[in-house]
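# Structural features, examined
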4 protein chains.
Amino acid sequence: MQENYDKIGEECGVFAIFNNNADYLNSARLTYYGLYALQHRGQESCGITVWNGNEMKTHKGMGLVHEVFDNGNISSLDGNVAIGHVRYSTTGSSKPENAQPIVVKYKKGSLAMAHNGNLVNASELRAKLESMGSIFQSTNDSEVLVQIIARERINSKNTQEAVLKAMDIIKGAYSIVVMTADKLIAARDKQGFRPLCIGKIDDSYVVASETCALDSVKATFLRDIEPGEIVVIDKNGVNSIKDNCGQKHSSCVFEYIYFARTDSIIDNVSVYKARKEAGRQLAKASPVDADMIIGVPDSGLVSAMGFAEESHIPYGDGLVKNRYIGRTFIQPDQKQREDSVNIKLNALRSEVEGKRIVMIDDSIVRGTTSAKLITMLKHAGARQVHMRISSPPFMWPCYFGTDIPSKDQLIACKHSIEEIRQLIGADSLAFLPIDALSKIVEGLGVNGYCDACFSGNYTVDIPKDTEKIKFDKPFLV
Amino acid sequence: MQENYDKIGEECGVFAIFNNNADYLNSARLTYYGLYALQHRGQESCGITVWNGNEMKTHKGMGLVHEVFDNGNISSLDGNVAIGHVRYSTTGSSKPENAQPIVVKYKKGSLAMAHNGNLVNASELRAKLESMGSIFQSTNDSEVLVQIIARERINSKNTQEAVLKAMDIIKGAYSIVVMTADKLIAARDKQGFRPLCIGKIDDSYVVASETCALDSVKATFLRDIEPGEIVVIDKNGVNSIKDNCGQKHSSCVFEYIYFARTDSIIDNVSVYKARKEAGRQLAKASPVDADMIIGVPDSGLVSAMGFAEESHIPYGDGLVKNRYIGRTFIQPDQKQREDSVNIKLNALRSEVEGKRIVMIDDSIVRGTTSAKLITMLKHAGARQVHMRISSPPFMWPCYFGTDIPSKDQLIACKHSIEEIRQLIGADSLAFLPIDALSKIVEGLGVNGYCDACFSGNYTVDIPKDTEKIKFDKPFLV
Amino acid sequence: MQENYDKIGEECGVFAIFNNNADYLNSARLTYYGLYALQHRGQESCGITVWNGNEMKTHKGMGLVHEVFDNGNISSLDGNVAIGHVRYSTTGSSKPENAQPIVVKYKKGSLAMAHNGNLVNASELRAKLESMGSIFQSTNDSEVLVQIIARERINSKNTQEAVLKAMDIIKGAYSIVVMTADKLIAARDKQGFRPLCIGKIDDSYVVASETCALDSVKATFLRDIEPGEIVVIDKNGVNSIKDNCGQKHSSCVFEYIYFARTDSIIDNVSVYKARKEAGRQLAKASPVDADMIIGVPDSGLVSAMGFAEESHIPYGDGLVKNRYIGRTFIQPDQKQREDSVNIKLNALRSEVEGKRIVMIDDSIVRGTTSAKLITMLKHAGARQVHMRISSPPFMWPCYFGTDIPSKDQLIACKHSIEEIRQLIGADSLAFLPIDALSKIVEGLGVNGYCDACFSGNYTVDIPKDTEKIKFDKPFLV
Amino acid sequence: MQENYDKIGEECGVFAIFNNNADYLNSARLTYYGLYALQHRGQESCGITVWNGNEMKTHKGMGLVHEVFDNGNISSLDGNVAIGHVRYSTTGSSKPENAQPIVVKYKKGSLAMAHNGNLVNASELRAKLESMGSIFQSTNDSEVLVQIIARERINSKNTQEAVLKAMDIIKGAYSIVVMTADKLIAARDKQGFRPLCIGKIDDSYVVASETCALDSVKATFLRDIEPGEIVVIDKNGVNSIKDNCGQKHSSCVFEYIYFARTDSIIDNVSVYKARKEAGRQLAKASPVDADMIIGVPDSGLVSAMGFAEESHIPYGDGLVKNRYIGRTFIQPDQKQREDSVNIKLNALRSEVEGKRIVMIDDSIVRGTTSAKLITMLKHAGARQVHMRISSPPFMWPCYFGTDIPSKDQLIACKHSIEEIRQLIGADSLAFLPIDALSKIVEGLGVNGYCDACFSGNYTVDIPKDTEKIKFDKPFLV
């Protein structure tokens, strides 16, 4: 059973280390732990590339970090510089050739890159490259990005200059880590859609998508990498190129609502606090008279606490999650009555019986899970089930690295809120008002955010033909 | 990384179905879902045996339910009667030949059995059987039990009579399901150490270790099987043999504290409520002035809520669990500074910083995890960390189906509470008083319980040589 | 693709070592090499059990020796005494629980056994054991044999005495190796149906089904174990019990014709020489005017050489075998024209074109392969294809450890030789005369043989109900 | 155990089908059978790409054909055009990214290619491409070749024109199959180092490295593709571009001696006949008085027959091969006396005892196996062992697609023939004279051949820095 089959497809995560303590730190192993901590950002494939002073070695494959790596292959990845990647999971086009890091040989030697984000002008750039004779071995935009960096490198004095020039060519969302012989480069797009931060272990440096990955290797958080910034790490330390900084930020608000781990801090704002604040705002905007506030495990729990605090209605557990759900769950037959939601979650009869429940979830995509949970709670004796969603309804496509389904699959595009309420069988239903978003991110300190999936306000121009030219899938990495 | 390496080894779980609706229910598939729901009772191995009116078919193997079964092998298990088993996980003696159900051929045809519990006189019985020429292919007591049933069957008019006679020979803890051609028998030892309940789907019957497994297949809970009761299910319905009922019950109190799933109801008592009550009793017995009550995920969370309610100190999240931990986690090198607790759990700095924390866990075995979590919380800024344990200290071995480590591994056998407090670095430490146990089980309605692991008061006689005669491991199933 | 899908199912092979040179010999590893050399005797499953002075350790599984064993599991099998087994391959009832060695615990400790052969009175013995309360976990006769040895052991002064007594109870074919604490016992049935020999490496002893396995570990061949003999090996050396020796021998003639490896010497006769002699006898009995003698690779090649020598017609290659055929060959679709025989073998057009060919094979079971090979040769330009079979037609079931299909699958039971010739499209067809068998075994020195599968002359009484009582399969080990 | 660890590393094999009978032929399945027949040309990896009228689908992986493909993945490869590849096996640099077919997207859509051979100017071409900004994802020369075709395609009117232009740029050995939307192109280098032929099934066309692959799918052999020829196959039939034909041929003589399968016919000459002729020439050049001629299975057997015919000394079997040798053979410990040659081959004592033996092998690389076999034969009683090699000594590197070890590993580069004789313990030793090569290929009809590995006479210029510029391995495909 897919972990979150009625959720927005997650993105990717990157991790990198420049290790100056090779006597007691092991780069590949630390990267393994870092990817473990970033696993929520992608479960389809993962990989690690190391530079051992002489050559690059890569191991990557389909599956979770603990499935792809074992002591044997981790041990073979010797080297003091390493980058790693986890890739998001969708059912359709899972192709081994899309696993990252992408490693290439070019005029200047070897280069490895891991990429979180999505270029909005990749189709256009790809067409241009092809007309000059370029060939591509995958359909994702990371290969476009690497080719552009490689070409710019020809007439640049070093790789960071090539990255700087590439940033004027590519548009969209990207947090990347690039490794060349003895050098690590990390860069974040000018709007800063996707998070990227830097930390330190003694005199070694670590770059990661989220701070939770720094914690997993006991690195000290130094700072977020700024939107537009290029950070260059080598044995002489850390240098920064800020020529592209200064634009208005567009931190993805959905990182705070759902994507990121609650123990991460992104652009100075605690994801946990943002999520709790979302619950509070939701309680303010759509209060309801009830006996208990519950969250849908795991992603709705924190907002439920916030809702409870604001509403002064007791917080409690109403649903129990089976923590042994694997990825190869055998689906029930059509004719059978049990279903996978039932296997994954169960109502706590002793807690919900006779009560008026408010159930908080972070989002509704298709609505199928919500309907089943409400039925389950009522079957367990809940008198009322009021549904509250800690984000606004999804109405627009995302071009910046998340996998929002097409409009005909989004329940909010096809139905009014009242219709949705009826479809899922809730006694009442409310979403977070779109204007409350600023309170849960900017209110806590984020300097500009993107809410285009809810509002349609895109902070960069989307090429008109983006939809049409896309290859076999949107460029998601 | 083992999920709970500093926890008491879990036991086993059983599931069975007698399916009278073969047109739309699939016995093997329902058993699969049932075992999925019981996975917390055993992660080492699992298996399903079906009777298809003609022969028994079995698939079993090492690993989790989702690893051992796939659509192919589940589909090949056709039949309307099925039994299944999940076996506990320890690192040492994981042997394929111990996987259950155990299936044998004997004078009366085929018989399959799945067993949760532990016989205290298995060594003695085994020696007796061997002196009559019996051979054994495993070291576990289930094989002893099956041989006794098979022998008693020779001079009995049916299998239930053989089980009834066997119950006068065997001593200790057992909840078993037995399948013969077209018949299902479920039996529970006279003291009722391990849970066993029966449910219904239309006119089909389901037996399971816990009610959460009934819920997973949308069966309606009928009742607990009584201590000493034998339930016989065939196409004519359900019959009960209660000749062995009537003794004082000895429900395992640790089922309520840790083993069972919170959404299960055992002997009329909600595990969730018992666990919350344990938190309340703990707060009454060992109050502490603090700013926030947190639980160690996942097993300490409910008691933490109870502690918070009783103490009127706010409940909050202080630790975040990585929900992607696999079983083949690569252990860190000795010389590396990160460790697996760090990968599994992370402190929520934004919540704990500057606060006096009360951290609730359900038990302390070796104390190693507790020490690491306290260090982690303090590193994240907690001013104080007070540890409260929702059970008394483990002091005595369990002979009834749980895997308590030897005394020299139990921290409470070697150290005073004050010494433990110092070892784990807590600002204060308290355990649940042993006399509070009756409040959290009998107080809620359980009719007699076993707390021998805490008190040394064994409710059945333990043969003097149990320790010595044991083969290569205690008889744990 | 099954290696020899139109061949008689092969039997099993056993290997054992009592190692007195543990400083430089590794028992499990030598057993691995021995089983490798015996792989032709069974491809379904294999296993090794070692005694390390303290306990027995076993690793067994489905598949070929190189699939089941790797450095890891071989290394974990420490111990100076070891026994191993390869089990034959059939498509139907391949069950993991039938893999050997069978290891049991009984009154006197642990006992492991590996068995090649088939008891003819196993059903009867099993019924008797069951009526005394015995249970069985498999359907094969080895478990019956072990139970009988275990029971006899109760009132015997040692295990060899128990084996001696068991030999008066069991009837049929068996070559067994038995391991107990610090002792190895090898025994062969009174008629000596299946081979068993003993060899030496310095002061260590090796027992194996065939001499080729002795060669593989560079052991010096000492002698065949006599029919009826029990050999006991311990640290004091080798002892022999010959109380059961002296009956007329019944060496399986088909070991010489097909089963055994050509480099083995069984009961003093070279399999290679016997096979070549079969070709000579065939040429004498059924000469044919032709241009070239070819054999069907690999089993027909030696007899083809013998035929060529006798007939003075040149020996040559007419068919080339693909040496990369794996066991998981994807079968062609029904509607496709190529087939698996075509993939496995190809005609050598340059050699056969325009020629009159005599093609030698060791046997015909269903005749399907023969027909395809004749078509293939004719398609490649052969003017005539005369088929000669180096054994008589199969007409009777074998109760002694080989898997001859039922009569309705044996082409020779349903058709005259002329009909078979027409069915397979040969220009002429002849089988080895049944009376020539004595020349190819006794003529070379074998002292009595069994040819019941060709003649119906069984050298032990077959219980009347053997066919009927058999469980789900004949007792083949 | 590697199948031929003391042999020259084999090359690659290609297969392709343009299927006009999609109603009853299955392209991927036929390609699977074709690759099965070509497995001897490469065991490291394999792959198949199909065009289904809409998109290309590829499955490839490390391992043998029967390991990489199963019914599931073969079934998913729907499409009427298919190409396939098997890649050679060496121990060192087996990298998944080197598996073929290589599939790229470029300006004109999708293109897939499979390649057997080696470009001598790949380094030079690669440097040129890199200086124009090209990136490479592997280290093999096939990626260079694809990039050149893709670039030439920009200004060509179709893909065959691009291939034609590419053939003026690339130098060395290549037999390629290229697939684009609805078109199949096969091309062979101007010297024709590597074989390539075309066959027919009704109105469908098949291209393969060797005729044995045509036989495996029951295709009728049409003809060899000429050196320099480009064959274009589409739904309108077959067209040929011969602009590059007409140079002197350089068929690799070692294809006849060892690489190719004996049932293949290359450039009109039967490999079997060539191999037999080599034996005859060897007997003429280096006769010896002996009792029996034997071959080292399997590759020395045919030459041994030729030697026997010429010398009138009887041909016989002296060594028996274990036909169950797997690729994961566990190597013996250093201190153990048995070794892997012993497991793989055994002497036939009954045949060799007391005889003077001539043992024929096709080549000597390191000499280690030869020494062990001679010891084995003498241990089995052979009075004398005379070694005869059916090729001249390896003295020079091959730049055309075979993996000849470095000079310091070639025994013939370091020792005189007399020294080698002593090292391997032969009573006499002789190689095929270099001038006899023409008799075994040209004598049978081949029109020009390459024997550079023996003579140093390279038929194309080798760039001076070929050795130096090579990346991490010679360009072997």
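A brief look at the structure comes next. (Residues numbered from 1 in each chain as written. Chains lettered and ligands numbered in written order. Predicted model: local features only at pLDDT ≥ 70, side-chain atom pairs only at ≥ 80, totals over all residues. Heavy atoms only, no water.)

Turning to the pattern of salt bridges, a few remarks are in order. Residue and element names in this part refer to chain D. For the coordinates displayed, the defined rule picks out 96 salt bridges over all chains. Across the salt bridge formed by Asp267 and Arg188, the nearest N and O atoms sit 2.9 Å from each other. Taken together, the residues span a long stretch of sequence, with Asp267 in the loop between strand E15 (265-266) and strand E16 (269-270) and Arg188 in strand E8 (residues 183-188) at a distance of 79 residues. Here the two residues Asp267 and Arg188 agree in accessibility, since each one is buried. The partner of Asp298 in a salt bridge is Lys321, and the shortest N-O contact between them spans 2.8 Å. With Asp298 in the loop between strand E17 (292-295) and helix H10 (301-311) and Lys321 in strand E18 (residues 319-321), this residue pair connects regions lying 23 residues apart in the sequence. Accessibility expressed as a relative area gives 36% for Asp298, which makes it partly exposed. (Salt bridge = Lys/Arg side-chain N within 4 Å of Asp/Glu carboxyl O. Helix = DSSP H or I, 4+ residues; strand = E, 2+ residues; numbered from the N terminus. Buried < 20%, exposed > 50% of the residue type's maximum accessible area, 1.4 Å probe, protein only.)

The end-to-end C-alpha separation of helix H13 (residues 368-379) of chain A is 17 Å, in line with the 16 Å expected for twelve residues at 1.5 Å each. One or two steps after H13 of chain A, the chain reaches Gly381 of chain A, where phi turns positive at roughly 110°. (Expected span 1.5 Å × (residues − 1).)

Another aspect to go through is unusual backbone geometry. Here the bond from Gln100 of chain A into Pro101 of chain A is cis, since omega is 5°, no more than 30 degrees from zero. With respect to the element layout, Pro101 of chain A can be found in the loop between strand E4 (81-87) and strand E5 (102-106). In this structure, Asp267 of chain C takes a positive phi of about 45° despite not being glycine. Of note in the backbone geometry, Lys218 of chain D takes a positive phi value of approximately 55° without being a glycine.

This part takes up the sheet that holds strand E8 (residues 183-188) of chain C. All names here are of chain C. Taken in spatial order, the six strands make up an open sheet running E5-E6-E7-E8-E12-E13, and their pairing is antiparallel. Strands with a single pairing partner mark the edges of an open sheet, and in this sheet they are strand E5 (102-106) and strand E13 (237-241). Direction aside, neighbouring strands of the sheet carry axes that sit 20° apart on average. The sheet contact formed by E5 and strand E6 (residues 109-119) spans five bridges and is antiparallel. When the sheet's bridge partners are listed, Tyr106 is paired in E6 with Gly109. (Pairing = 2+ DSSP bridges. Axes fitted to C-alpha atoms, helices over the stretch in contact; angles between N-to-C directions.)

Bringing the pairing of strand E9 (residues 197-201) of chain A into the picture now. All names here are of chain A. Of all five residues in E9, four are buried, a share of seventy percent or more. Sheet topology note: the E9/strand E11 (residues 220-224) ladder contains four bridges and is antiparallel. Opposite Cys197, over in E11, you have Asp224 as the bridge partner.

Each of the two chain copies can be brought onto the other by rotation about an axis and movement along it. Least-squares fitting of chain C to chain B yields an RMSD of 0.0 Å, with the superposition described by an axial translation of 0.1 Å and a rotation of 179°. What we have between these two chains is a two-fold relation. If distances are taken from each C-alpha of chain C to the rotation axis, the shortest is found for Ser134 of chain C, at 3.5 Å. Comparing interface residues between copies, 100% of those in chain C also lie at the interface in chain B; the contact surface is shared. (Least-squares fit on C-alpha atoms with pLDDT ≥ 70 in both. Contact = heavy atoms within 4.5 Å.)

The next subject is the arrangement of the chains. The least C-alpha distance between chain A and chain C, which are not in contact, is 13 Å. Across the gap from chain B to chain D, with no contact made, the nearest C-alpha atoms are 13 Å apart.

Residues and elements named next belong to chain B. Here we have six strands laid out as an open sheet, ordered E5-E6-E7-E8-E12-E13, and antiparallel in their pairing. Strands at the two margins of the open sheet, each flanked by one partner only, are strand E5 (102-106) and strand E13 (237-241). Adjacent strand axes in the sheet meet at a mean angle of 20°, parallel and antiparallel pairs treated alike. In this sheet, strand E8 (residues 183-188) lies alongside strand E7 (residues 172-180) in antiparallel orientation, the contact comprising six bridges. Each bridged residue has a counterpart across the sheet, and for Ser175 the counterpart in E8 is Arg188. Contacts from helix H5 (residues 141-154) reach E5, strand E6 (109-119) and E7, with the element oriented near 135° to E6. Contacting E5, E6, E7, E8, strand E12 (230-234) and E13, helix H6 (residues 159-169) runs over the sheet at an angle of about 15° to E8.

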